[in-house]
Amino acid sequence: MALTGIQILKMLPKTNCGECGIPTCLAFGMKVAAGQIEIGECPYVSDEVKDTIGEASAPPIRTITLGSGDTAFKAGGETCLFRHEKRFENPTGLGVMLTTDMAAAEVDGRIERFNSIRIERVGVLMKADIIAVKDSKGDEGAFTSLVQKVLDKADDAKLVLISDNASTLAAAAKLCGERKPLLLGADSNNREALANLAKEQGCPLGVRGTNLDNTVEIAEQLLNDGLKDLVIDTGARTMKAAFEDNIAARRAAVKKKFKPLGFPTITFPCEMTDDPLMEVMIASVLVAKYAGIVILSDLQGDTLFPLLLERLNIFTDPQRPMVVKEDIYPVNGPGEDSPVLITCNFSLTYFIVSGEIEGSKVPSWLLIKDTEGLSVLTAWAAGKFGADLIAVFINKSGIADKVKHRELIIPGYLATIKGELEEELPDWTITIGPREAGHMPAFLKEWKPAA
Ligand code: SF4
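Please read all numbers here as calculations on a predicted model, not as lab measurements. (Residues numbered from 1 in each chain as written. Predicted model: local features only at pLDDT ≥ 70, side-chain atom pairs only at ≥ 80, totals over all residues.)

Caption draft 1: Quick look at the overall build of the protein chain. Helix and strand counts for the protein chain stand at 16 helices and 17 strands. Oriented by its inertia axes, the alpha-carbon framework of the protein chain measures out at about 85 × 60 × 35 Å. In the protein chain, which comprises 451 residues, the share counted as buried stands at 39%. A separation threshold of at least 6 residues defines the contact pool for the protein chain, and within that pool the share at least 24 residues apart is 65%. (Helix = DSSP H or I, 4+ residues; strand = E, 2+ residues; numbered from the N terminus. Buried ≥ 20, exposed ≤ 12 C-beta atoms within 10 Å, placed from the backbone. Contact = placed C-beta atoms within 7 Å.)

Caption draft 2: Quick look at the domain arrangement of the protein chain. The domain architecture assigned to the protein chain consists of domain 1 (5-56), domain 2 (64-315) and domain 3 (327-446). Between domain 1 and domain 2, the C-alpha centre-to-centre distance is 34 Å. (Domains from an automatic or database assignment.)

Caption draft 3: A look at the pairing of strand 10 (residues 230-233). Here strand 10 shows a buried face lined by Leu230 and Ile232 and a second buried face lined by Val231 and Asp233. Relative to strand 10, strand 9 (residues 205-208) runs parallel, the two being bridged by four bridges. Residue pairing across strands places Arg208 opposite Asp233, the latter belonging to strand 10. The β-α-β motif built from strand 9, the intervening helix 8 (residues 212-224) and the parallel element strand 10 has right-handed crossover chirality. (Pairing = 2+ DSSP bridges. Right-handed = clockwise from strand over helix to strand, strands pointing away.)

Caption draft 4: Spotlight on the site of the ligand. Around the ligand, the surrounding shell holds 13 residues, and the nearest of these are Cys17, Cys20, Cys25, Phe28 and Cys42. Here the residues of the shell around the ligand sort into nine nonpolar, three polar and one charged. (Near = placed C-beta within 6 Å. Nonpolar A, V, L, I, M, F, W, Y, C, P; charged D, E, K, R; others polar.)

Caption draft 5: Broad picture of the nonpolar core. Among the nonpolar cores identified, the biggest contains 74 residues, and Ile131, Val133, Val150, Leu161, Leu183 and Leu205 are the most heavily contacted of them. When neighbours within four sequence positions are excluded, Leu205 is seen to be in contact with Leu183, Ala186, Leu194, Ala195, Ala198, Leu222, Leu227, Asp229 and Leu230. With 33 residues, the next largest nonpolar core counts Val331, Tyr350, Ile357 and Met440 among its residues. (Core = buried A, V, L, I, M, F, W, Y, C linked by C-beta atoms within 7 Å.)

Caption draft 6: Structural detail: unusual backbone geometry. For the bond from Leu184 to Gly185, the omega torsion is 5°, close enough to zero to count as cis. Tracing the backbone through its elements, the reader meets Gly185 in strand 8 (residues 182-186). Even without glycine at this site, Lys257 takes up a positive phi of about 55°. With respect to the helices, strands and loops of the structure, Lys257 is situated in the loop between helix 9 (239-256) and strand 11 (265-267).

Caption draft 7: Geometry of the environment of Ser360. Following the sequence through the fold, Ser360 ends up in helix 12 (residues 347-360). With 291 residues separating them along the chain, Ser360 and Gly69 place their C-alpha atoms 41 Å apart.

Caption draft 8: A look at helix 2 (residues 25-33). All of the buried residues in helix 2 are Cys25, Phe28, Gly29, Val32 and Ala33. Down the axis of helix 2, the smallest arc covering the buried residues is 135°, so these residues share one side. Buried residues along helix 2 sit in contact with helix 1 (5-9) and helix 3 (47-56). (Arc of directions from axis to C-beta.)

Caption draft 9: The packing of helix 10 (residues 276-288) against helix 11 (residues 301-315), seen in detail. Contact pair helix 10 / helix 11: the axes reach a minimum separation of 10 Å and the direction vectors enclose 10°. Here helix 10 lies roughly parallel to helix 11, going by the angle between them. Between helix 10, through Pro276, Val280, Ala283, Ser284, Val287 and Ala288, and helix 11, the contact on the second element is made entirely by Thr303, Leu307, Glu310, Arg311 and Ile314. (Axes fitted to C-alpha atoms, helices over the stretch in contact; angles between N-to-C directions. Parallel < 35°, antiparallel > 145°, perpendicular 65-115°, else oblique.)

Caption draft 10: A look at the packing of helix 5 (residues 140-153) against helix 6 (residues 166-176). Where helix 5 contacts helix 6, the axes come no closer than 9 Å and their chain directions differ by 20°. One element, helix 5, and the other, helix 6, form an angle in the roughly parallel class. Between helix 5 and helix 6 lies a crossing of right-handed hand. Taken together, the residues of helix 6 that come into contact with helix 5 (itself represented by Glu140, Phe143, Thr144, Val147, Gln148 and Leu151) are Ser167, Thr168, Ala171, Ala172, Leu175 and Cys176. In terms of residue class, the contact of helix 5 with helix 6 is made up of seven nonpolar, four polar and one charged. (Left-handed = near helix turned anticlockwise from the far one by under 90°.)

Caption draft 11: Molecular detail of the sheet that holds strand 14 (residues 340-344). Reading across from one edge, 13-15-14-16-17 is the order of the five strands in this open sheet, with mixed pairing throughout. Strands at the two margins of the open sheet, each flanked by one partner only, are strand 13 (327-331) and strand 17 (429-432). Pairwise comparison of adjacent strand axes, ignoring direction, gives a mean angle of 30° for this sheet. Across the sheet, helix 12 is in contact with strand 13, strand 14 and strand 15 (364-369); its angle to strand 15 comes to roughly 175°. Seen against the sheet, helix 14 (residues 387-397) touches strand 13, strand 14, strand 15 and strand 16 (407-410) and runs at an angle of roughly 125° to strand 15.

Caption draft 12: Structural context of the environment of Lys137. Locating Lys137 in the fold gives a position in the loop between strand 6 (130-134) and helix 5. For Lys137, a count of 12 C-beta atoms within 10 Å corresponds to the exposed category. Residues Lys137 and Ile117 lie 20 residues apart in sequence; the distance between their C-alpha atoms is 29 Å. If near-sequence neighbours (up to four positions away) are discounted, Lys137 is found in contact with Thr100, Asp101 and Ala142.

Caption draft 13: Spatial organisation of the pairing of strand 12 (residues 291-296). Burial analysis of strand 12 places six of its six residues in the buried class, the great majority of the element. Note that strand 3 (residues 93-99) and strand 12 share four bridges and pair parallel. Each bridged residue has a counterpart across the sheet, and for Val96 the counterpart in strand 12 is Leu296. The pairing of strand 11 with strand 12 spans three bridges and is classified as parallel. Opposite Thr265, over in strand 12, you have Ala291 as the bridge partner. Between the parallel elements strand 11 and strand 12, the chain passes through helix 10 in a crossover that is right-handed.

Below, the structure is given as structure tokens:
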């Protein structure tokens, strides 16, 4: 049962020292209850309290980590059924399947496409995350050499190792070391051996059921064996079954706190159809409906891109605008006579404006002011993009050392603050820029510094 902020407050020192970065213990307790901060951020709580609160405030879908360090991949951690209730936490992992009976050229091609299909959009690098390696021949030597190839050729791939043989999985898991793969899968026959292997290697374990009931049975036994980090494959190999199982599992975990299903799911559109377009369609349904990991048969730019975009849309926190860092951004190699423009740090605005400047080929300095992700007019109305704040930013930004002139181009929508800004920045001439970014190239081509 989740604890409330008040219940958590009772276990805190109540000194309001602020060392956690939050001014009061009550505010800290509320944030812990909302899952916005870890209890360990307060240096004064005992390990006992950490365990009690950590367990009680844990999300109903456990967070599972593949790999280690800053680049680790996380699945699960979800707390709600619908994004508008709060937000979705960890984007579905997209992966590609390699099997030991595949020709070497096909394996190399899939690894090459895993490495090369990377797309940047609004400052976010979009790419596949996982390579699944399957022991389809029951051949330990072939399996370990395929795993070694992936380790050598795909530096940032997270691994899912698939075999029902404990010693085969153990040999491959040892090769992976700190890259901590998901070991799949524990079924009714090999459960005990794989549980011991997962504990020994410190890796998450995949449950491989024949249906949802069988998955629950195996997960319950693994929980009793003391395993905590599980991923579940309900055995569904049709879109309908996978869709239904994902929804049943999420509902049971979130609404009923049903522990055996409180784990991210792994799904295999690659084993549901031979039609590549149908496979992507199935994958898109499973990204939308709760899959923690989706494994595809191959990666192609034209089909992976829509999936990556769908994932970006679904897993972007609707309550938190995407932002870029407050800074001076040089566009087209500007110099001391180049125009200086300013806008807000809402990332969509930044990418549209910087794209238009880049397209104009006019070397320019683009100043991005932190407006907490609000767009120009909204930020101005909220008091985050007023003349006084812009003046403070201009003076501390260092732009005056980069240009000889003193002319600042402000967004057309901020025309009303021109006079006020001239008072705040008496050394600068304020010029009103275009209202629409699309008019920027023509404006910049005409621009000359004020005499
Ligand atoms: S560090 Fe701990 S004691 Fe200090 S304000 Fe935060 S919660 Fe309270």
